[in-house]
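# A look at the structure
Chain by chain, the residues:
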Amino acid sequence: MNRIAGSQTVHPEKLPGVELLDACRNPEDSPAKLEPVWLRSSESGVEPVWVPPGFERTGEDHEALVIEASGQPGWVLTLTLWNRYGGPDPVETGRVLEYLDGEGDSRLLELLDLPNADEVLAAYRQFPDLPPPLREPLREEELSPRLFRYLQRVPDELELDLIDLLAEDTRVLSVQEMRRLSEALRRLPPDKYDDFRNGIDYPGEDRSPRSVGDSVLERARRLAFPEVAERREAYERDRSGLDLDGRIDVEAPDNFEGDYIDVSLRCRRDEDLEKLAEEVKKCRKLLEHV
Amino acid sequence: MPETAGTRLKDVNLSDAVKRVVVDEEARGHPGTESILDRLEEHGIPREDSLPDRSGDSINKRFRTEKQTLHVRLNRGSFIKPWESPPSIVGRDEWCLTPVEGCPLDCSYCYLQDYLDRPLIQVFANHSLMPDHVREFLADPPEEPPHFFSLGELSDGLFLEPVLESIPKVWDVFRDAEAKIEIRSKSHHVHELAEKIEPHPSGVFTWTLSPSGFDRRNEMLTAPLEDRLSAMRHMLEAGFRVSARIDPILLEDGWLDRYAGLVKKMDKHFDLEDLTFILLGVFRFPKGFDRTMEKRFSNRDFLRDEFVEGPDGKLRYARGRRTNVYRELGEVVREYGGDPNLCMEPEYVWEDAGFR
């Protein structure tokens, strides 16, 4: 959501309509309680992005909230605010799609197989921003709609970086990797976005899509889960320092949420068991991690 | 006893959260229904003939409409539902009393959003059977005593009480039983309760508390913090056992100052050592629940944090951070004379944080 820049007194008669709302909402469907009017500041003054349906356009001055200027199209802001105030109902959704569907993109919506109006609208909202290298594969069913769907869960601020990355080579991230990446990025605090962006490498002669996907995922998880990453590193450091017999596996609990380590031994003979049991005592140090 | 805080309770307020009542066909004419309707009328809640059809609505619109709707019906099953504590978590099994299923208060972090089939508030007109169900349970219990009952798990335990009047019916069943009853709430609706029931050692009223600001952003329809604290003091002065849950603790910037401020406010209303227990619990949620929150509530920045899956499958802050939270906030509570414990945490966190 854009930042609120302040408020401003407006005279209702001087407020122009909001194109998308006027086209898609029944003005008789007035909410019981009047919601605020939202404006967006622009070079030429302010433009309305949300005026409640049924708003009385005559009468006294009205206090309106002002969103600071941004490059987003007005209809994106209108949809964002619309969702904030309950979202379009099914009839309105149909009207929105009809209103926006100027380029025959219905086929894409079918491909996405999204279950409810909110997500359909979210997809629609983002589709026009997709660069052609992604837009075409998606339309041509070369890019998995599911992968696109995970992309939608990525915070807006990072989405374009990932689209750029995927646009380089759609094999960079598998669907499963994209799922894990989107989970990590959804957890990422905004003050770490730059760190993530600055660490993205792109596929090239010396970087295979596979290795790029691995490093992007690793970086995202390290930034999103710093404590677990730090604990894991410390554990691995101690684990490798023990120089254990290769037939012993020692596993820390997932996310270090637990109070024991799992030790497994691979034995064929009595002597193996005795030798490894003695060796296992070295693992005592790893108990400090749980 | 602190000197500055007052004990005056704000008036009962239902109409901000409840907009209509609809009576199910089989509950029509039931004496319990008539009582509920009479009291709702006194509070200005209008009756409508049918449930709103929200099947095609957006998730927000559907939740908003259904949570504003009381659906009065009959409960054909038991008023007692088991709640099992996961074995990996320090806790106890409980039996939930359910005169109502669904909560009108609609806190942003509430697990009921995903737990219940739908957001509608189901009010059981025949809840006068609830004490009989408890008596039958206690006469032939499925396990050894003591038994722990709670009222306020599937709905707020007090918010609808001015309409239901269910607590006076069930309270005394526990007086001499090998069972305890805990009423849980974020409401201040304790008006007249202290006149209708008498304190006993098997019953406790517990308020869930959050710092001012947090309560307005995430618990918009609950009683403000000051009103909850007044209700706690009101019940303490009437001789009831009262306890507090500081839960869910959210680790936003400046969290310790905010939660220390909460403890200080508690201290202005009552002595913390008078509370039966004080529980601390960090924000936690089942896998996938964050998507529901994100869909319903914009700008939930607190979800952008390091949450990891614990042994019970729920996501919480990573182990080291929440250990520090409990250590630091626990210290604050102790400074004010309270004796804190933890809520829904595994044994190793109790040990890490010095609570064992």
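Note that the structure is predicted; figures quoted are calculated from it, not measured.

Parameters and conventions
- Residues numbered from 1 in each chain as written.
- Chains lettered and ligands numbered in written order.
- Predicted model: local features only at pLDDT ≥ 70, side-chain atom pairs only at ≥ 80, totals over all residues.
- Heavy atoms only, no water.
- Helix = DSSP H or I, 4+ residues; strand = E, 2+ residues; numbered from the N terminus.
- Rg over C-alpha atoms; globule rule 2.2 N^0.38 Å.
- Buried < 20%, exposed > 50% of the residue type's maximum accessible area, 1.4 Å probe, protein only.
- Contact = heavy atoms within 4.5 Å.
- Areas by Shrake-Rupley, 256 points an atom, 1.4 Å probe, with all protein chains shown as cover.
- Lys, Arg positive; Asp, Glu negative; His and termini not counted.
- Charge placed at Lys NZ, Arg CZ, Asp CG, Glu CD.
- Polar contact = N/O pair within 3.5 Å; in protein donor to acceptor, adjacent residues only side chain to side chain.
- Axes fitted to C-alpha atoms, helices over the stretch in contact; angles between N-to-C directions.
- Parallel < 35°, antiparallel > 145°, perpendicular 65-115°, else oblique.
- Left-handed = near helix turned anticlockwise from the far one by under 90°.
- Nonpolar A, V, L, I, M, F, W, Y, C, P; charged D, E, K, R; others polar.
- Phe/Tyr/Trp six-rings, centres within 6.5 Å; stacked < 30°, edge-to-face > 60°.
- pLDDT = per-residue confidence, 0-100.
- Pairing = 2+ DSSP bridges.

Turning next to the overall build of chain B. A count of helices and strands for chain B gives 13 helices and 16 strands. Its C-alpha atoms give chain B a radius of gyration of 20 Å, within 12% of the compact-globule value 21 Å for 356 residues. Once the C-alpha set of chain B is aligned to its principal axes, its extents read approximately 55 × 50 × 45 Å. Classification of the 356 residues of chain B by burial places 58% in the buried group. Long-range contacts, defined as pairs at least 24 residues apart, comprise 76% of the intrachain contacts of chain B with a sequence gap of at least 6. Surface exposure of chain B reaches about 14600 Å², of which carbon and sulfur atoms provide 44%. Of the charged side chains in chain B, 49 are positive and 66 negative, and the gap between their average positions amounts to 5 Å.

All names here are of chain B. Among the structural elements, R184 can be located in strand β9 (residues 179–185). Within the local environment of R184, its side chain forms a polar contact with the side chain of E182, the two groups lying 3.1 Å apart. Aside from chain neighbours lying at most four places away, what touches R184 is E94, S150, L151, G152, E153, D156, G157, L158, T206 and R245.

Moving on, we come to the packing of helix α10 (residues 255–269) of chain B against helix α12 (residues 319–335) of chain B. Residues and elements named next belong to chain B. Two numbers describe how α10 lies on α12: the axes approach to 10 Å, and their chain directions differ by 30°. Judged by the inter-axis angle, α10 sits roughly parallel to α12. The two elements α10 and α12 cross, and the hand of that crossing is right-handed. Between α10 and α12, the contacting residues are W255, L256, Y259, A260 and V263 on the first element and V325, E328, L329, V332 and V333 on the second. Among the residues forming the contact of α10 with α12, the class breakdown is 9 nonpolar, no polar and 1 charged.

The next point concerns the packing of aromatic side chains. Residue and element names in this part refer to chain B. Considering all chains together, one arrives at 17 aromatic pairs over all chains under this definition. Measuring from centroid to centroid gives 5.6 Å for F205 and F240, while their planes differ by 90°, and the two rings are edge-to-face. Taken as a pair, F205 in strand β10 (residues 203–209) and F240 in the loop between α9 (225–237) and β11 (241–249) lie far apart in primary sequence, 35 residues in all. For the pair F205 and F240, a shared accessibility class is recorded, and that class is buried. Taken together, the ring pairs in this structure connect F283, F285, F302, F307 and Y317 into an aromatic cluster.

In this section: the confidence of the model for chain B. The predicted model of chain B has a mean per-residue pLDDT of 92, with 96% of residues at 70 or higher. Here residues 1–6 of chain B is a poorly scored stretch, pLDDT under 50, and it has 16 contacts once near neighbours within four places are set aside; other chains count.

Residue and element names in this part refer to chain A. An order of β1-β4-β2-β3 is seen for the 4 strands of this open sheet, with the pairing classed as mixed. The outermost strands of the open sheet, each flanked by one partner alone, are β1 (4–10) and β3 (45–50). Neighbour-to-neighbour, the strand axes of the sheet open up by a mean angle of 40°, direction not taken into account. Judged from the 4 bridges that link them, strand β2 (residues 37–42) and strand β4 (residues 62–67) form a sheet pairing that is parallel. For V37, the partnering residue across the bridge sits in β4 and is A64.

All names here are of chain B. With respect to the element layout, D156 can be found in the loop between β8 (147–151) and α5 (161–164). Taking relative accessible area as the criterion, D156 reaches 12% and is therefore assigned buried. Sequence separation between D156 and D253 is 97 residues; the distance between their C-alpha atoms is 29 Å. The residues contacting D156, other than those within four sequence positions of it, are C103, L105, R184, S185, K186 and S187. One polar contact links D156 to S185, side chain to side chain, over a distance of 2.7 Å. Only 2.7 Å separates the side chain of D156 from the backbone nitrogen of K186, close enough to count as a polar contact.

A separate point is the sheet that holds strand β16 (residues 340–342) of chain B. Pairing between the strands of a sheet comes from backbone hydrogen bonds, and it takes one of two forms, parallel or antiparallel. Residue and element names in this part refer to chain B. Pairing is mixed across the open sheet formed by 8 strands, whose spatial order is β4-β5-β8-β9-β10-β11-β12-β16. Single-partner strands in this sheet number two, and they are β4 (80–83) and β16. Shown here is a sheet whose adjacent strand axes are inclined to one another by a mean of 30°, direction ignored. Two elements, β8 and β9, share 5 bridges in a ladder whose sense is parallel. Looking across to β9, one finds that L151 is bridged to I183. Of the strands in this sheet, β10 and β11 are in contact with α10, which crosses β11 at around 170°. Here α12 sits on the sheet and contacts β11, β12 (278–282) and β16; the angle it forms with β12, its principal contact strand, is near 155°.

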